[in-house]
Amino acid sequence: MRTPVKPVTFLLAFTLLCTLLGLGCPLSCEVCRGSGPTCSGKMKVCEAGQDACVVIVGESCTKGRHSLNTYKACMKYSDCYSGFVSTTMGPKDYMVSNTRCCQSDGCNQGSVPPPQNNRTENGLQCPACVAPFQETCPGTQSARCVGQETHCVYFAGNVQAGLISPKFATRGCATESACYAKAGAQVPSASYLYFLRRADCLPAPQFPGRAE
Ligand SMILES: *[C@@H]1O[C@H](CO)[C@@H](O)[C@H](O)[C@H]1NC(C)=O
């Protein structure tokens, strides 16, 4: 009986062949999603245009429900921000994450440290709202920024949730690193994949009454 060809062997042979032929070799990355500080999954060959592997560990709070999740996949390098991102839409709606983007086969295996979650208010405020299934968001409420959040963001687009991709719109506080997300980009978080149609990012205004 012939021993079956292992997927890893196939990937190696495939990579070697396309290197020898001088072709632009597609990248392969580990792909998984799960709860906890890491996840493990199969190696997959990335689609055309996806020239980076990503690993994200994120802690989020949605309507007071906490979760820690990990996401590993292929993505476009120019849409990928390596580092810490924090967003706060309200006292019970926030997300912090650490991301690493890299560009060699399987480079997203392993994990990144869970993000720091500094909930100390820093005196800044931003217009805030969370509007699932909506195209826009009024921002009539206000969020108190925490930790290193110095910017106000307005994100809108579609969010992939299983097989459907409903609209969403949201506003609130964010670290300056969130400004890396641009309209037109596909931006993963530890829990969801976002297709951004709108991505505004401005320094948070200083509110009157703040001593300094
Ligand atoms: C947490 O955030 C506050 C407000 O920005 C800051 O003063 C403090 O130094 C931060 N703490 C840590 C441990 O980073």
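The coordinates are above.
First, a word on scope: everything that follows refers to the structure included in this document. Computed from a prediction, not measured in an experiment: that's the story for all the values here. (Residues numbered from 1 in each chain as written. Predicted model: local features only at pLDDT ≥ 70, side-chain atom pairs only at ≥ 80, totals over all residues.)

**Quick look at the nonpolar core**
C126, A143, C145, V153, A156, C173 and A204 are the most contacted members of the largest nonpolar core, which totals 28 residues. Elements with a minimum of two residues in this core: strand 5 (83-90), strand 6 (93-102), strand 7 (121-132), strand 8 (141-146), strand 9 (151-160), strand 10 (167-174) and strand 12 (193-203). The element that contributes the greatest number of residues to this core is strand 9, accounting for six residues. In contact with C145, not counting residues within four places along its chain, are T88, N122, L124, Q125, C126, C173 and A204. Residues C29, A52, C74 and M75 belong to the second largest nonpolar core, which totals 16 residues. (Core = buried A, V, L, I, M, F, W, Y, C linked by C-beta atoms within 7 Å. Buried ≥ 20, exposed ≤ 12 C-beta atoms within 10 Å, placed from the backbone. Helix = DSSP H or I, 4+ residues; strand = E, 2+ residues; numbered from the N terminus. Contact = placed C-beta atoms within 7 Å.)

**A look at the environment of Y81**
Considering the arrangement of structural elements, one finds Y81 in the loop between strand 4 (65-75) and strand 5. Apart from the residues lying within four places of it in its own chain, the contact partners of Y81 are T99, S177 and Y180.

**Topic: the site of the ligand**
Every residue close to the ligand is listed here: N118, T120, N122 and G147. Of the residues belonging to the shell around the ligand, the class tally is no nonpolar, four polar and no charged. (Near = placed C-beta within 6 Å. Nonpolar A, V, L, I, M, F, W, Y, C, P; charged D, E, K, R; others polar.)

**Here's the deal with the pairing of strand 12**
In the sheet, strand 9 pairs with strand 12 via ten bridges, with the strands oriented antiparallel. Residue pairing in the sheet places C152 in a bridge with L202 of strand 12. The sheet contact formed by strand 11 (residues 186-188) and strand 12 spans three bridges and is antiparallel. Of the residues in strand 12, the one forming a bridge with Q186 is F195. Hairpin connection, strand 11 to strand 12: the antiparallel pair is bridged by four residues. (Pairing = 2+ DSSP bridges.)

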